[in-house]
Every structure is written in C-alpha cells, then in structure tokens.
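Each chain, letter by letter, is given below.
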Amino acid sequence: AGAIGLYNVGQSCCLNSLLQVFLMNLHFTGILRRITVPPCARQKNRNVPYQMLLLLEKMQCGKQKAVFPTDLAHCLSTYRVKLFVQHDAAQLFLTLWNLIKEQMKKPELVEKLSYLYTIRVQEHLVCQKCSLETRRNSNMLTLPLPVLDADSHILKTLEDCLQYFFCPEELTDHNMCFCEQCGMKTPFLQSMKLVHLPQTLTIHLKRFCFEESSHIHKLSHYLPFPQDLDFNAVLTENQCEAEDNEKAAWQYELFAVVAHSGSTTCGHYCAYIRSLTECKWYCFNDSEVCKVSWDDVKCTYGHSNLTW
C-alpha cells in the first residue's frame, strides 16, 4: 500500500507524526501483528497496541488519502494523553512506547520491542580525591543530545553533539558528589560509555534552553545530520564499553525525522520518513503525504523560517 496520511483530530500533528514513524517501521509492525487480541470490547478500547494495529489495518486496506486516528486518540486519552495541546515529541514518544510495552502481554514481544528500541549506557563516576570508581548501567529510549556546549556555544554537526554527550565532565563546586571512601563531598569525573545500541536508534536533539526568566527558548539554528552514521567513526575507544562484534553493528541509515516548526508555545510537527520497502522519502504532514527528495529532508536541519 502507498503512504497514507492521518487527519488532524485536534492539534494531533505531533501524535500523527510519531504514529507514522512507528507504523512505517517494518520491524515494529512485525511485532505489532503478533499481539494478543484483548477478549472483550472494553479492553479492546483501552489497549494501545491493539488500537494501533486496527489503525495500521485501516491505513493498509483502503485507497483513501488519509484516515482518522480517532479511536486510538480516544484510547490514549484514558491514559492522560491529551488532544488540543502542543506536545513535545520526545516526551510523547516515551509515553507511547511505555504504554505499548506495558500492554503487550507476551514476554517475547516485550523483549523484541526492547531490543528494537532500547539503548544501554554505563555511567562512570571517579572521585578526584581518592580515585574510588562507581559504575552504573542504565537503559534509555532516546539519546538526548545537547545542541549547545557548557559555554552555550553552538555545536556544529550531529557528530559534534554525540562526541560532546560522551565527553567526561568534571563535577565541582555545587555539583560535587558524596564519596563513601572520603566521607565527604568531593569533586568527581563523570563519563558516559556506550554499551549497546538498538536496531532502531532514536536521537533527541534538545533544541531548547531555559532563560533566567524561566522562559523556554527554542534553538532553531542550522544543525546538519548525515544519511549514514557509523558510531565507531564518531566515538573513541574509551567512550565505548562493548565487544567488537557488538560495535560492528553500530552502523545506521537515517529512517525518519520528526521536525517542529514555530515557537515553543505555537508550532507544527511533521515527519519525513524513508519507506523501507521502496527506499523513497515521504513527507507526512497530517493528512497530506507527498514524495520528497533528500534535499527536501535537509530543510529540517533548521533555520528561522522553516518551510515543509
């Protein structure tokens, strides 16, 4: 089936964009098609994966230009996912993913879903007084990359943002940590090491900063990202905590971009997605879907007057 749009059912452009990214991912729909159908009507109405499956089938069965995601939006509203508000895409992605994961009853499907999307990192903390080292593994759904460095200088490329994220940071002054061995707060060196990357890697560009008036300001500067990304070429040996066979798989092709135009209080989302079956790029702008080129996708690199 061709690419089908989703009608806007009440400032739902952010939700629509994320749904398209999920449903255009063949690895995800392969998992979705294996879910257990809830037994009764009430459970069906409240089950997010099932409602997503119904929406997918609706999008694939007809020749319509677009379909209404109303039933799924109703279902999400029971879990406090509101319509008629401007969402943050990274936050909504996390909310949707957690709902999908919690409501997929089969353990093997939950495992496959985690393998598809979960990033594993190891946080290292080293006391600068006694060299006591602590390590902690944690899972992340997205890599939240800053687009400015500590001195508020613009990071020029996606690769620069990645390198900055995995750079060791000194925790001094009011950021000092309590050291068990020293029995007091001491300066620490904190670093993040990459342990595992998923099949589908999600990167969140933190295009916002807090001003002193506690006003959130959007950063719309130009930030290019490549069509192909090899983490072995970006990160150094000591920024990774993984076997060579694991690192060999750390090569990615860009699949989708969820982009926002406008300000923090008023704006619009759309998604650029590369069809995995046709290898062609599409722009999903609510109910409007059109074929685009890689040059069109580059408009999401950012500048003040972004136009789809």
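Preceding this section is the structure that the text describes.
Keep in mind that what you see is a predicted model, and the values were worked out from it rather than measured.

The 4 strands lie next to each other as β4-β3-β9-β6, forming an open sheet whose pairing is antiparallel. Because the sheet does not close on itself, it has two edges, and the strands there are β4 (133-140) and β6 (169-171). Recorded for the sheet is a direction-independent mean angle of 30° between the axes of neighbouring strands. Pairing of strand β3 (residues 119-127) with β4, which is carried by 8 bridges, proceeds in the antiparallel orientation. Bridged to His124 within β4 is Arg135.

Moving on, we get to the pairing of strand β16 (residues 267-274). Of all 8 residues that make up β16, 6 are buried, and the element is covered over most of its length. Pairing geometry for strand β15 (residues 256-262) and β16, over 7 bridges, is antiparallel. Along β16, the bridge assignment pairs Val258 with Ala271. Between the end of β16 and the start of strand β17 (residues 281-285), which pair antiparallel, lie 6 residues, with Cys279 showing a positive phi angle near 60°.

A word on the packing of aromatic side chains. If you walk through the whole model with that rule in mind, you get 13 aromatic pairs. On the basis of an interplanar angle of 25° and a centroid distance of 4.3 Å, the ring pair of Tyr7 and Phe68 is categorised as stacked. Linking Tyr7 in the loop between β1 (5-6) and α1 (13-23) with Phe68 in the loop between β2 (66-67) and α5 (70-77), this pair joins segments that are 61 residues apart in sequence. Since its relative accessible area comes to 27%, Tyr7 is described here as partly exposed. An aromatic cluster of three or more residues is present, and its members are Tyr222, Phe225, Trp281, Trp294 and Tyr301.

Further remarks concern the nonpolar core. Grouped together as the largest cluster of nonpolar side chains are 40 residues, with contacts concentrated most on Phe22, Phe28, Met52, Met104 and Tyr117. Secondary structure elements with two or more residues in this core: α1, α2 (26-32), α4 (48-61), α5, α6 (89-103) and α7 (107-117). Ignoring anything within four residues of it in the chain, the contact list for Met104 reads Ile31, Leu32, Ile35, Pro49, Leu109, Val110 and Leu113. Phe166, Leu197, Leu223 and Tyr252 belong to the second-largest nonpolar core, a separate cluster that totals 35 residues.

Reading the values: the criteria
Residues numbered from 1 in each chain as written. Predicted model: local features only at pLDDT ≥ 70, side-chain atom pairs only at ≥ 80, totals over all residues. Heavy atoms only, no water. Pairing = 2+ DSSP bridges. Helix = DSSP H or I, 4+ residues; strand = E, 2+ residues; numbered from the N terminus. Axes fitted to C-alpha atoms, helices over the stretch in contact; angles between N-to-C directions. Buried < 20%, exposed > 50% of the residue type's maximum accessible area, 1.4 Å probe, protein only. Phe/Tyr/Trp six-rings, centres within 6.5 Å; stacked < 30°, edge-to-face > 60°. Core = buried A, V, L, I, M, F, W, Y, C linked by side-chain atoms within 4.5 Å. Contact = heavy atoms within 4.5 Å.

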